[in-house]
Structure formats: C-alpha cells, structure tokens
Amino acid sequence: MLTGIERLVDLVGVRSSALIGADNDGIAAALVNRNVAALAATDGHFAGTMRDGQTIRMARTIGVPLRYFVAKMFHGPFLVTADRMDTIYNWCVEQKIGWQFDPTYTRMVPAHYLTEIEQIGCPDPAPLYTRFWEPEVAHGGEDIELLGAAYLMAAFEATKGWLATLPPEAQIGLAFSGGIDSTSVLLLARKALTGLGRNPDNLRAFTLDLHEGKGADAAQAERIVQDLGIAHTWERITVAASEYNLREAITCIEDYHPLDVECAAAGIALLKAVRERYPELLYFMDGDGGDENAKSYPLEDSDLTLSSILRNPLLYQEGWGIDAIKHSATYSGGLSRAYIRTFAPAQRYGFTAFSPFTVRSVMACAVAIPFPAILNGSLERLYSLKGELVASGVKHVTGVEMPISIKRRFQDGARAAVAGDTENNSYYKAWRVSKAWCRQIFLRQWEEKLRSAWEEQEQLSGNFVPGVLEPLLQ
C-alpha cells in the first residue's frame, strides 16, 4: 500500500441537529481522540467521520445517517463515507472505479456506536464497535402518570431545544395524522414556541389525503384540531393517488423494507405537495420514533413475540444488535435503519426534519419504563399503554387534555382505499406490498446504474497510480 496518500474520502462532513453538549468541532475532536465519554455526554443528533493515522473513526445517532464503502485504489483501501449509497456510487464513477461498487457492499454505521476501521489493506479487518449510549433499562416505577410525565417532559425539552436553534420567525411544518405521536408533538411544540416568546401559530400541521377528501387520517386530524381549537393552523393536503409511488420511494430511501417503503411513499407525496405550496418553508417536524419507544406495533404483523421485544429493550430502536445473526451490516437495524424513511424524503425536498422521540434523552425515559412488570404478559395492556402514557404526560407538560385516536400507520390512514387503483399498487396482495417485490425493484434499479458503470470505456484498476503508466482494466 502506498504511504503518504489520504485514504479517507468524507463526502458529507460532521453534521448535527438539536445537538447539546458539543458542537460539530467537538464531535470531530472526540472522534479523532477516541473520546467515547465526550460522545456520551451529548444529546440530540450527530454523525461524523475522522481519521487518526491509519484508523478511521465514525459515529452517529438515529437522526443522521452515515454510510461507508471500501474502494480499492492506488494499491490499497480508500474508505468513502456519505449519507447515501448513490452519493458514494457517483464518486466511484467519477474516479472511474464505478465497476467496483455494489450497494450491498456499503455499510451503515450503527447508531450509538463508535465504529473504528483500520486501513491496513487486504484483507480489510472487521470494524471495532464501542457503545457510547448505555441507557438504564426498566428502572422506573410503575406509576403511569409519573412515567408519562418524565417521558413527555424530556420530549418537550428536546422540542424546545431544537426550536430555539431556528430563526425566531421561522415557519415550521408538522406531518400530522391526528394520531397519538403527531398530536403530542403539535401540543408540545406550540407550548415550546410560546415559552420561547414566539408565535405558536408559526407551526402549521399538514395532513396527507390520497383519497379525494375521504382519507381516514384527514377526517381524524380535522376532528382533533377542531376539538383543540386550532383548526386555523391545520391544512389538508389532497393529492392524486398516483403520487403514492412505491418505486420512487425505494429509490429515495435506498431500502426495501416494505413498511418503510410505504411510509416513505406517503412522506414523499406529502412533502412534495407542501414544497410546491410553501417554497420558503424549511423546517418540518413529525412523531417518528414514538411507536418504537412505546413498543406500539401490532405483533400480529411480524415475526416478533412479546417475549422478544421485552427481552431486547432496544429492539425497535437498534434492531437485534450488531452481534446478532439477524443484524444487517448494510442497513443496521430498528429505527437506526428505518429513520431514512423520514430523513431522505425531507432531504429530497429541502426540509430539515426533526422528531423529539428520536433524541437519546427521550428514548432513555422510554427504556426506563418497566414494561414486563406493567404488562404482566398482556398484549392488550401493551396496546393501550402508549395512549395512557402520552396523554398523561402531555397533560402534565401543557395542561391540555389530549384526544386519543386509534392506532393507524401513516401510510394506511393517508391512502385509505387506494390499494389496487394504480399501476404502483398492482403488486399488492390485498393492500400490502411484499418484501420480495420491494427488494426486486431495488435490485433492478441498481442493475441499471451498475450496467452503465461497467459499460464505460475507461475503467481504472485498484493498481492504477496517477502519473504512472498502468494497463487499464478491460
């Protein structure tokens, strides 16, 4: 391997959102010096990559994605980092090594770990992982009101902290279904804006309706804002069913998990329409992560059991864990993987997205809930618990009696009876798309890109050195 050559190509730099306890330079210094304690002392979101000699260190939280790829150039490894697969691919094509790229060879840095890679050449060693977030599990009492108060107060502080970083007159959008999470974010954000001396009406709630005014979420959301007396801050976003485009969503999030694809398709339809109506709007909030924190997913729709989610307290946030047989190095796991469904559509349409429920201090309060003791083996109790926790917490923080709506996924409430109506939905069995179909589309999209890379006339081998004559790879 040639020495004296910079072998880290960082295409995005250190990024952060609602970061407390450090700035971007502080994160960079912590990475260079392997200061895990400094990373742990922060709250909010960050992602960054730094080099210390031959060691590359990377770290991220849930709210900011970070991905890397090992390319072979100049007789050795180059580590390329970015927030997207196609950003790395485009760089490889520019370097005439696009033929080396495969999306499944990229790796997602798992949230809440310091990831270290030694650049020593073939074979590339496995990364070393060191946790920097260690929440205490199930240490709270069983009083629902106290648990809800702690959880929602943490969410309120995270919301207020993020809003304080925005310009005082900034207009803020909210993806609003009228469900538990988005309604709580609406109330917390209005309270926070008031506390900051700002106009709470600067927050505007948008509800996607893909069914000509008949979407279930739209009716629910309208009822909620009327009950709360703030209907003047709400807007129904009605778009054609054809805007719900699953193929486009797969391209956008570069993933094929069906629920995330569906959610992203709905998000793209909403954000695209909002961008067209409000070209100056820059900031967007949502309640993503609320279901994960409360373990509020119907187990009947998955291969999970009550035992599996209780014995793995961070399952919904981080997946099975980096040492588990089901862990995907390409995609990480849990919300660490799935948050791209929010991040990528927002990035595409020029929004900065934020959910208080993804912040570590808020997740720590959720992890502190003694779910095994409270549930006592009851699925019914699991499904009712979230509403009680959030409603009591919102009442404690804001004084408002929050209406509780039925559990419904964003994509389900937005599209209502759309399934089967468009070419994009013709692959559904009933209303749900399969993982096999999503993966097939993902691979076909990349097949087209990679074919063009292989068909380029000039392709450089990993042995090519600038200024040195070298046969090109044929």
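Above this text is the structure in question.
Below: a short report on this structure. (Residues numbered from 1 in each chain as written. Predicted model: local features only at pLDDT ≥ 70, side-chain atom pairs only at ≥ 80, totals over all residues. Heavy atoms only, no water.)

## Considering the overall build of the protein chain
And then number 1: Regarding its fold elements, the protein chain presents 18 helices and 14 strands.
And then number 2: Relative to the compact-globule value of 23 Å for 474 residues, the protein chain shows a C-alpha radius of gyration of 23 Å, a close match.
And then number 3: With the principal axes as the frame, the protein chain shows a C-alpha extent of 75 × 50 × 50 Å.
And then number 4: For the protein chain, the residues scored as buried account for 56% of the 474 residues in total. (Helix = DSSP H or I, 4+ residues; strand = E, 2+ residues; numbered from the N terminus. Rg over C-alpha atoms; globule rule 2.2 N^0.38 Å. Buried < 20%, exposed > 50% of the residue type's maximum accessible area, 1.4 Å probe, protein only.)

## Digging into the environment of G44
And then number 1: Here G44 is to be found in strand 3 (residues 43–52).
And then number 2: With 27 residues separating them along the chain, G44 and S17 place their C-alpha atoms 6.3 Å apart.
And then number 3: Residue contacts for G44: discarding those within four places in its chain leaves S17, A18, L19, T61, V359 and R360. (Contact = heavy atoms within 4.5 Å.)

## Some thoughts on the pattern of salt bridges
And then number 1: Counted under the stated rule, the structure contains 26 salt bridges.
And then number 2: Here E116 ties to R34 by a salt bridge, and the two come within 2.8 Å at their closest N and O atoms. Of this pair, E116 sits in strand 8 (residues 113–118) while R34 sits in the loop between helix 1 (24–32) and helix 2 (36–40); the two residues are 82 residues apart in sequence, bridging distant segments of the chain.
And then number 3: The class for E116 is buried, based on a relative accessible area of 6%.
And then number 4: A relative accessible area of 33% means that R34 is categorised as partly exposed.
And then number 5: We note a salt bridge from E116 to R57, for which the minimum N-O separation is 2.8 Å. Taken as a pair, E116 in strand 8 and R57 in strand 4 (residues 55–60) lie far apart in primary sequence, 59 residues in all. Accessibility classification places E116 together with R57 in one group, the buried group. (Salt bridge = Lys/Arg side-chain N within 4 Å of Asp/Glu carboxyl O.)

## Comments concerning the layout of surface pockets
And then number 1: The volume enclosed by the second largest pocket comes to roughly 410 Å³.
And then number 2: Lining the second largest pocket are 21 residues, with Y68, V70, Y105, R107 and D124 positioned closest to its centre.
And then number 3: Of all the secondary-structure elements, those providing two or more residues to the lining of the second largest pocket are strand 5 (67–73), strand 6 (76–82), strand 7 (107–108) and strand 8.
And then number 4: Per-class residue counts for the lining of the second largest pocket are 14 nonpolar, four polar and three charged. (1 Å grid on protein atoms, 1.4 Å probe; cavity = no way out; pocket = protein on both sides within 12 Å on 5 of 7 lines; lining within 4 Å. Points joined across faces, edges and corners; volume = space filled by probe spheres on them. Nonpolar A, V, L, I, M, F, W, Y, C, P; charged D, E, K, R; others polar.)

## Some words on empty space enclosed by the protein
And then number 1: One pass over the structure, following the stated rule, counts three cavities of 30 Å³ or more.
And then number 2: Counted as a void, the largest cavity has a volume near 70 Å³.
And then number 3: Lining the largest cavity are R67, D83, R84, M108, I253, E254, D255, Y331, R337 and I340.
And then number 4: Partitioned by chemical class, the residues of the lining of the largest cavity number four nonpolar, no polar and six charged.
And then number 5: Space inside the second largest cavity adds up to approximately 40 Å³.

## As for the packing of helix 7 (residues 246–253) against helix 18 (residues 435–454)
And then number 1: For the pair helix 7 and helix 18, interaxial distance at closest approach is 10 Å and the crossing angle is 65 degrees. As helix 7 runs across helix 18, the sense of the crossing is right-handed. Across the interface between the two elements, L246, R247, I250 and T251 from helix 7 touch W437, C438, I441, F442 and Q445 from helix 18.
And then number 2: Its residues placed into classes, the contact of helix 7 with helix 18 shows six nonpolar, two polar and one charged. (Axes fitted to C-alpha atoms, helices over the stretch in contact; angles between N-to-C directions. Left-handed = near helix turned anticlockwise from the far one by under 90°.)

## Structural notes on the nonpolar core
And then number 1: Membership of the largest hydrophobic core comes to 77 residues, with the highest contact counts inside it found for L39, I97, F101, V274, F284 and F351.
And then number 2: Contacts of V274, omitting those with residues within four sequence positions, involve F206, I237, L281, F284 and F351.
And then number 3: In terms of nonpolar packing, the next biggest core, distinct from the first, is built from 40 residues, F156, V225, I230 and A366 among them. (Core = buried A, V, L, I, M, F, W, Y, C linked by side-chain atoms within 4.5 Å.)

## Points about helix 3 (residues 85–94)
Given 3.6 residues to a turn, an α-helix orients residues that are three or four positions apart in the same direction.
And then number 1: Of the positions making up helix 3, those classed as buried are M85, D86, I88, Y89, W91 and C92.
And then number 2: One or two steps after helix 3, the chain reaches K96, where phi turns positive at roughly 65 degrees.

## Quick word on the packing of aromatic side chains
And then number 1: Inspection of every chain in the model, using the stated rule, returns 17 aromatic pairs.
And then number 2: Measuring from centroid to centroid gives 5.5 Å for Y89 and W446, while their planes differ by 85 degrees, and the two rings are edge-to-face. Linking Y89 in helix 3 with W446 in helix 18, this pair joins segments that are 357 residues apart in sequence.
And then number 3: By relative accessible area, W446 is classed as buried at 5%.
And then number 4: Between W162 and F354, the aromatic rings sit 4.9 Å apart at their centres with planes inclined by 10 degrees, giving stacked as the arrangement. With W162 in helix 4 (residues 144–164) and F354 in strand 14 (residues 352–354), this pair connects stretches of sequence that are 192 residues apart. Each of the two residues, W162 as well as F354, counts as buried.
And then number 5: Put simply, the rings of F69, Y89, F101 and W446 pair up and form one aromatic cluster. (Phe/Tyr/Trp six-rings, centres within 6.5 Å; stacked < 30°, edge-to-face > 60°.)

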